[in-house]
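Fold and contact review
Next come the chains, spelled out residue by residue.
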Amino acid sequence: MYAVTSPSKPAAETAPVCGMHGRVELSFSAGDNGPGRHQGRLKDLYQTSPFRVLFPTLPAEELTSAVLVTTSGGLVGGDRLDVGVTVDPGAAVQVMGQAAEKVYRSLGADTHFDATLTVGAGGYLEWLPQETIVFDQSRLRRTTRVDVAEDGEFCGAEMLVFGRTAMGEQVKTGLIRDVWDVRQDGKRVWADALHLDGDIAAQLDHPAGFDGALAAATFVHVSGQASQRLELAREVLGEDRDELRTGATVVNDILVVRWLAKDAQQMRAAFGEFWAAFRAQTQNLPGKMPRLWHV
(Lines give C-alpha, C1' and ligand atoms only; values in the text may rest on other atoms or scores of the structure.)
Protein backbone atom coordinates (compact mmCIF):
# COMPACT_ATOMS: atom_id res chain seq x y z
CA MET A 1 0.00 0.00 0.00
CA TYR A 2 1.04 3.62 -0.21
CA ALA A 3 0.06 6.99 1.14
CA VAL A 4 0.46 10.53 -0.11
CA THR A 5 0.15 12.90 2.80
CA SER A 6 -0.42 16.57 3.33
CA PRO A 7 -0.09 18.67 6.50
CA SER A 8 -2.86 17.94 8.96
CA LYS A 9 -2.37 20.97 11.20
CA PRO A 10 -4.16 24.26 10.53
CA ALA A 11 -2.16 26.69 8.44
CA ALA A 12 -1.56 28.97 11.41
CA GLU A 13 0.21 26.15 13.29
CA THR A 14 2.29 24.89 10.39
CA ALA A 15 5.89 26.06 9.99
CA PRO A 16 6.62 27.83 6.70
CA VAL A 17 7.76 25.49 3.96
CA CYS A 18 11.16 26.34 2.46
CA GLY A 19 11.06 23.64 -0.22
CA MET A 20 9.51 20.31 -1.05
CA HIS A 21 10.06 17.34 1.26
CA GLY A 22 9.76 13.94 -0.39
CA ARG A 23 9.95 10.75 1.59
CA VAL A 24 9.79 7.06 0.79
CA GLU A 25 9.93 4.11 3.19
CA LEU A 26 10.26 0.58 1.82
CA SER A 27 10.48 -2.73 3.66
CA PHE A 28 10.78 -6.23 2.26
CA SER A 29 10.34 -9.67 3.76
CA ALA A 30 11.70 -12.92 2.37
CA GLY A 31 9.49 -14.47 -0.28
CA ASP A 32 8.98 -18.21 -0.52
CA ASN A 33 10.88 -18.87 -3.74
CA GLY A 34 12.50 -22.21 -3.01
CA PRO A 35 15.86 -23.10 -1.44
CA GLY A 36 18.69 -20.65 -0.93
CA ARG A 37 18.38 -16.91 -0.59
CA HIS A 38 14.81 -15.74 -1.08
CA GLN A 39 13.86 -12.76 -3.16
CA GLY A 40 12.18 -9.88 -1.40
CA ARG A 41 8.44 -9.51 -1.02
CA LEU A 42 7.15 -5.98 -0.51
CA LYS A 43 5.92 -5.61 3.07
CA ASP A 44 5.39 -1.87 3.50
CA LEU A 45 5.46 1.16 1.24
CA TYR A 46 5.04 4.79 2.22
CA GLN A 47 5.68 7.60 -0.25
CA THR A 48 5.11 11.32 -0.50
CA SER A 49 5.47 13.59 -3.52
CA PRO A 50 7.69 13.99 -5.50
CA PHE A 51 8.61 10.31 -4.91
CA ARG A 52 6.94 7.47 -6.74
CA VAL A 53 8.09 3.84 -6.53
CA LEU A 54 7.74 1.46 -9.48
CA PHE A 55 8.05 -2.33 -9.37
CA PRO A 56 9.03 -3.64 -12.82
CA THR A 57 8.44 -7.24 -13.81
CA LEU A 58 11.80 -8.95 -14.24
CA PRO A 59 13.07 -12.44 -15.14
CA ALA A 60 12.86 -15.02 -12.36
CA GLU A 61 16.64 -15.10 -11.92
CA GLU A 62 16.73 -11.37 -11.09
CA LEU A 63 16.22 -9.71 -7.73
CA THR A 64 12.99 -8.10 -6.69
CA SER A 65 13.43 -4.51 -7.88
CA ALA A 66 12.07 -1.18 -6.67
CA VAL A 67 12.68 1.88 -8.85
CA LEU A 68 12.68 5.33 -7.25
CA VAL A 69 11.21 8.07 -9.43
CA THR A 70 11.21 11.77 -8.59
CA THR A 71 8.60 13.73 -10.51
CA SER A 72 9.95 17.20 -9.73
CA GLY A 73 12.47 17.41 -12.57
CA GLY A 74 15.31 18.28 -10.23
CA LEU A 75 16.15 19.69 -6.81
CA VAL A 76 16.71 23.26 -5.66
CA GLY A 77 17.87 24.87 -2.42
CA GLY A 78 15.60 24.01 0.49
CA ASP A 79 14.40 20.72 -1.01
CA ARG A 80 14.77 17.51 0.99
CA LEU A 81 14.51 13.85 0.01
CA ASP A 82 14.54 11.04 2.59
CA VAL A 83 14.72 7.35 1.68
CA GLY A 84 14.47 4.42 4.07
CA VAL A 85 14.91 0.80 2.93
CA THR A 86 14.66 -2.20 5.27
CA VAL A 87 15.51 -5.69 4.03
CA ASP A 88 14.38 -8.40 6.43
CA PRO A 89 16.47 -11.51 7.14
CA GLY A 90 16.81 -13.72 4.09
CA ALA A 91 15.35 -11.24 1.57
CA ALA A 92 17.23 -10.06 -1.53
CA VAL A 93 16.30 -6.74 -3.15
CA GLN A 94 17.58 -4.16 -5.60
CA VAL A 95 16.62 -0.48 -5.21
CA MET A 96 17.67 1.79 -8.07
CA GLY A 97 17.06 5.27 -9.41
CA GLN A 98 15.07 5.74 -12.58
CA ALA A 99 17.28 8.52 -13.96
CA ALA A 100 20.02 10.96 -13.09
CA GLU A 101 19.11 13.46 -10.36
CA LYS A 102 19.86 17.14 -10.97
CA VAL A 103 20.69 19.64 -8.23
CA TYR A 104 20.22 23.20 -9.47
CA ARG A 105 21.64 26.56 -8.36
CA SER A 106 20.61 27.64 -4.89
CA LEU A 107 19.96 31.13 -3.59
CA GLY A 108 21.44 30.09 -0.23
CA ALA A 109 19.56 27.12 1.22
CA ASP A 110 21.00 23.60 1.10
CA THR A 111 19.49 20.64 -0.70
CA HIS A 112 19.37 17.52 1.50
CA PHE A 113 19.27 13.86 0.46
CA ASP A 114 19.37 11.26 3.23
CA ALA A 115 19.23 7.49 2.69
CA THR A 116 18.97 4.97 5.56
CA LEU A 117 19.52 1.38 4.42
CA THR A 118 19.14 -1.58 6.77
CA VAL A 119 19.88 -5.22 5.89
CA GLY A 120 18.89 -8.12 8.16
CA ALA A 121 20.81 -11.34 8.77
CA GLY A 122 21.22 -13.32 5.56
CA GLY A 123 19.67 -10.49 3.54
CA TYR A 124 21.10 -8.77 0.47
CA LEU A 125 20.55 -5.23 -0.82
CA GLU A 126 21.75 -3.58 -4.01
CA TRP A 127 21.56 0.22 -3.78
CA LEU A 128 21.99 1.56 -7.31
CA PRO A 129 21.19 5.25 -7.79
CA GLN A 130 22.08 6.82 -11.09
CA GLU A 131 24.26 9.93 -11.33
CA THR A 132 23.66 13.08 -9.32
CA ILE A 133 24.48 16.08 -11.53
CA VAL A 134 25.39 19.17 -9.54
CA PHE A 135 25.11 22.57 -11.19
CA ASP A 136 27.17 25.68 -10.54
CA GLN A 137 26.22 27.37 -7.23
CA SER A 138 24.23 24.35 -6.07
CA ARG A 139 24.38 23.32 -2.41
CA LEU A 140 24.05 19.58 -1.79
CA ARG A 141 24.29 17.68 1.49
CA ARG A 142 23.86 13.92 1.01
CA THR A 143 24.21 11.21 3.64
CA THR A 144 24.00 7.47 3.05
CA ARG A 145 23.64 5.41 6.23
CA VAL A 146 24.04 1.65 5.96
CA ASP A 147 23.58 -0.94 8.72
CA VAL A 148 24.14 -4.60 7.81
CA ALA A 149 23.50 -7.47 10.22
CA GLU A 150 25.78 -10.46 10.58
CA ASP A 151 25.66 -12.66 7.47
CA GLY A 152 23.93 -9.88 5.53
CA GLU A 153 25.44 -8.36 2.39
CA PHE A 154 25.27 -4.95 0.75
CA CYS A 155 26.44 -3.53 -2.57
CA GLY A 156 25.87 0.17 -3.02
CA ALA A 157 27.16 3.17 -4.90
CA GLU A 158 26.88 6.90 -5.43
CA MET A 159 28.00 8.89 -8.46
CA LEU A 160 28.64 12.62 -8.79
CA VAL A 161 28.93 14.58 -12.03
CA PHE A 162 30.17 18.15 -11.77
CA GLY A 163 28.06 20.10 -14.26
CA ARG A 164 26.65 19.22 -17.67
CA THR A 165 30.01 19.08 -19.40
CA ALA A 166 28.43 18.23 -22.76
CA MET A 167 26.72 21.65 -22.59
CA GLY A 168 29.98 23.39 -21.74
CA GLU A 169 28.90 24.09 -18.16
CA GLN A 170 31.37 24.23 -15.28
CA VAL A 171 30.86 24.02 -11.52
CA LYS A 172 32.74 27.00 -10.08
CA THR A 173 31.30 27.59 -6.61
CA GLY A 174 28.83 26.02 -4.20
CA LEU A 175 28.76 23.26 -1.60
CA ILE A 176 28.96 19.49 -2.05
CA ARG A 177 29.05 17.31 1.04
CA ASP A 178 28.68 13.57 0.43
CA VAL A 179 28.82 11.32 3.52
CA TRP A 180 28.87 7.54 4.01
CA ASP A 181 28.19 6.03 7.45
CA VAL A 182 28.52 2.22 7.36
CA ARG A 183 27.77 -0.02 10.33
CA GLN A 184 27.62 -3.74 11.06
CA ASP A 185 25.14 -4.77 13.74
CA GLY A 186 24.90 -1.11 14.75
CA LYS A 187 28.65 -0.60 15.20
CA ARG A 188 30.30 1.92 12.89
CA VAL A 189 32.98 0.23 10.76
CA TRP A 190 33.60 2.82 8.04
CA ALA A 191 32.82 6.49 7.53
CA ASP A 192 33.78 8.82 4.73
CA ALA A 193 32.97 12.42 3.83
CA LEU A 194 33.65 14.39 0.67
CA HIS A 195 33.41 18.12 1.38
CA LEU A 196 33.82 20.72 -1.37
CA ASP A 197 32.98 24.29 -0.41
CA GLY A 198 33.51 27.73 -1.87
CA ASP A 199 35.85 27.67 -4.88
CA ILE A 200 34.96 24.17 -6.09
CA ALA A 201 36.61 24.66 -9.49
CA ALA A 202 40.02 25.10 -7.86
CA GLN A 203 39.56 21.94 -5.79
CA LEU A 204 38.52 19.93 -8.84
CA ASP A 205 41.54 21.19 -10.79
CA HIS A 206 44.13 20.76 -8.04
CA PRO A 207 46.63 17.92 -8.70
CA ALA A 208 46.26 16.76 -5.08
CA GLY A 209 42.48 16.90 -5.35
CA PHE A 210 40.47 15.71 -8.32
CA ASP A 211 43.24 16.55 -10.81
CA GLY A 212 40.79 17.79 -13.41
CA ALA A 213 38.22 15.00 -12.99
CA LEU A 214 34.63 16.02 -13.70
CA ALA A 215 32.94 12.88 -12.38
CA ALA A 216 33.47 10.58 -9.40
CA ALA A 217 31.91 7.36 -8.13
CA THR A 218 32.15 5.27 -4.97
CA PHE A 219 31.18 1.60 -4.61
CA VAL A 220 30.82 0.06 -1.13
CA HIS A 221 30.54 -3.66 -0.41
CA VAL A 222 29.68 -4.95 3.07
CA SER A 223 30.04 -8.69 3.51
CA GLY A 224 31.80 -11.25 5.63
CA GLN A 225 33.72 -12.08 2.44
CA ALA A 226 34.55 -8.51 1.41
CA SER A 227 38.26 -8.82 2.21
CA GLN A 228 38.54 -11.98 0.12
CA ARG A 229 36.96 -10.16 -2.82
CA LEU A 230 39.52 -7.34 -3.05
CA GLU A 231 41.63 -9.08 -5.69
CA LEU A 232 38.51 -9.91 -7.67
CA ALA A 233 37.51 -6.23 -7.61
CA ARG A 234 40.93 -5.15 -8.83
CA GLU A 235 40.88 -7.77 -11.56
CA VAL A 236 37.47 -6.62 -12.76
CA LEU A 237 38.57 -2.96 -12.71
CA GLY A 238 41.60 -3.71 -14.88
CA GLU A 239 44.12 -1.04 -15.79
CA ASP A 240 43.38 2.68 -15.73
CA ARG A 241 42.11 4.01 -19.03
CA ASP A 242 42.59 7.36 -20.72
CA GLU A 243 41.21 10.05 -18.43
CA LEU A 244 39.82 7.40 -16.04
CA ARG A 245 41.49 6.42 -12.77
CA THR A 246 40.30 3.66 -10.45
CA GLY A 247 41.27 2.05 -7.17
CA ALA A 248 40.04 -0.55 -4.70
CA THR A 249 40.87 -1.11 -1.05
CA VAL A 250 39.55 -2.77 2.10
CA VAL A 251 39.02 -0.85 5.35
CA ASN A 252 37.77 -2.74 8.42
CA ASP A 253 36.60 -5.55 6.12
CA ILE A 254 34.61 -3.09 3.97
CA LEU A 255 35.47 -3.12 0.26
CA VAL A 256 35.61 0.36 -1.27
CA VAL A 257 36.09 1.06 -4.98
CA ARG A 258 36.59 4.54 -6.50
CA TRP A 259 36.45 6.07 -9.95
CA LEU A 260 37.67 9.50 -11.09
CA ALA A 261 37.03 10.54 -14.68
CA LYS A 262 37.27 13.55 -16.95
CA ASP A 263 34.35 12.20 -18.97
CA ALA A 264 31.10 11.31 -17.18
CA GLN A 265 29.92 8.87 -19.84
CA GLN A 266 33.20 6.98 -19.72
CA MET A 267 32.90 6.68 -15.95
CA ARG A 268 29.30 5.53 -16.20
CA ALA A 269 30.25 2.83 -18.70
CA ALA A 270 33.21 1.64 -16.61
CA PHE A 271 31.10 1.58 -13.45
CA GLY A 272 28.38 -0.44 -15.18
CA GLU A 273 30.91 -2.99 -16.42
CA PHE A 274 32.28 -3.39 -12.91
CA TRP A 275 28.87 -3.65 -11.23
CA ALA A 276 27.60 -6.27 -13.66
CA ALA A 277 30.72 -8.45 -13.40
CA PHE A 278 31.00 -8.15 -9.61
CA ARG A 279 27.39 -9.18 -8.91
CA ALA A 280 27.70 -12.09 -11.33
CA GLN A 281 30.83 -13.46 -9.67
CA THR A 282 29.89 -12.82 -6.03
CA GLN A 283 26.10 -13.25 -5.97
CA ASN A 284 25.46 -15.61 -8.89
CA LEU A 285 23.17 -13.01 -10.44
CA PRO A 286 22.89 -12.03 -14.12
CA GLY A 287 25.98 -10.13 -15.20
CA LYS A 288 24.18 -7.15 -16.66
CA MET A 289 22.80 -3.79 -15.66
CA PRO A 290 19.04 -3.19 -15.29
CA ARG A 291 17.23 -2.26 -18.47
CA LEU A 292 16.44 1.19 -17.07
CA TRP A 293 20.17 1.87 -16.80
CA HIS A 294 20.35 2.06 -20.58
CA VAL A 295 17.24 4.21 -21.14
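Structure: see above.
We now turn to the structure provided with this report.

Now for the overall build of the chain. When you go through the chain residue by residue, the secondary structure sums to three helices and 17 strands. Against the globule reference of 19 Å for 295 residues, the chain gives a C-alpha radius of gyration of 19 Å, in line with a compact fold. Buried positions account for 49% of the 295 residues belonging to the chain. Restricting to contacts in the chain with at least 6 residues of sequence separation, those with at least 24 account for 72%. Positive and negative charge centroids in the chain, built from 29 and 38 side chains respectively, lie 4 Å apart.

Below, the discussion takes up the packing of helix α2 (residues 230-237) against helix α3 (residues 264-283). The relative placement of two packed helices is expressed as an angle between their axes plus a distance between the axes. For the pair α2 and α3, interaxial distance at closest approach is 10 Å and the crossing angle is 145 degrees. As for the relative orientation of α2 and α3, their crossing is right-handed in sense. Contact residues: Leu232, Ala233, Val236 and Leu237 in α2; Phe274, Ala277, Phe278, Gln281 and Thr282 in α3. Across the contact of α2 with α3, the residue classes break down as seven nonpolar, two polar and no charged.

What follows is about α3. Taking 1.5 Å per residue, 20 residues should reach 28 Å; α3 reaches 27 Å between its end C-alpha atoms and fits that length. The N-cap of α3, judged by a side-chain oxygen 3.1 Å from the amide nitrogen of glutamine 265 a few residues on, is aspartate 263.

Here we come to the pattern of salt bridges. Within this structure, the stated rule accounts for 19 salt bridges. The shortest N-O distance in the salt bridge between glutamate 25 and arginine 23 comes to 3.4 Å. The exposure class assigned to glutamate 25 is partly exposed, which follows from its relative accessible area of 32%. Of the charged contacts, one joins aspartate 181 and arginine 188 as a salt bridge, the two residues approaching to 3.1 Å between their closest N and O atoms.

Here glutamate 158 shows up in strand β12 (residues 153-162). Looking at glutamate 158, its side chain comes within polar contact range of the side chain of tryptophan 127, at 3.3 Å. With residues near it in sequence (within four places) discarded, glutamate 158 still touches Trp127, Pro129, Arg142, Thr144, Asp178, Trp180, Ala216, Ala217 and Thr218.

On to the sheet that holds strand β14 (residues 187-199). Taken together, seven strands build an open sheet; the order of strands is β2-β1-β5-β8-β11-β13-β14 and the sheet is mixed. Both edges of this open sheet fall to β2 (40-47) and β14, since each of them pairs with a single strand only. When strand polarity is set aside, the average angle formed by the axes of neighbouring strands in this sheet is 5 degrees. In terms of strand pairing, strand β8 (residues 111-119) meets strand β11 (residues 139-148) through nine bridges, oriented parallel. Among the inter-strand pairings, histidine 112 is bridged to a residue of β11, identified as arginine 141.

Scoring rules and cut-offs
Residues numbered from 1 in each chain as written. Predicted model: local features only at pLDDT ≥ 70, side-chain atom pairs only at ≥ 80, totals over all residues. Heavy atoms only, no water. Helix = DSSP H or I, 4+ residues; strand = E, 2+ residues; numbered from the N terminus. Rg over C-alpha atoms; globule rule 2.2 N^0.38 Å. Buried < 20%, exposed > 50% of the residue type's maximum accessible area, 1.4 Å probe, protein only. Contact = heavy atoms within 4.5 Å. Lys, Arg positive; Asp, Glu negative; His and termini not counted. Charge placed at Lys NZ, Arg CZ, Asp CG, Glu CD. Axes fitted to C-alpha atoms, helices over the stretch in contact; angles between N-to-C directions. Left-handed = near helix turned anticlockwise from the far one by under 90°. Nonpolar A, V, L, I, M, F, W, Y, C, P; charged D, E, K, R; others polar. Expected span 1.5 Å × (residues − 1). Polar contact = N/O pair within 3.5 Å; in protein donor to acceptor, adjacent residues only side chain to side chain. Salt bridge = Lys/Arg side-chain N within 4 Å of Asp/Glu carboxyl O. Pairing = 2+ DSSP bridges.

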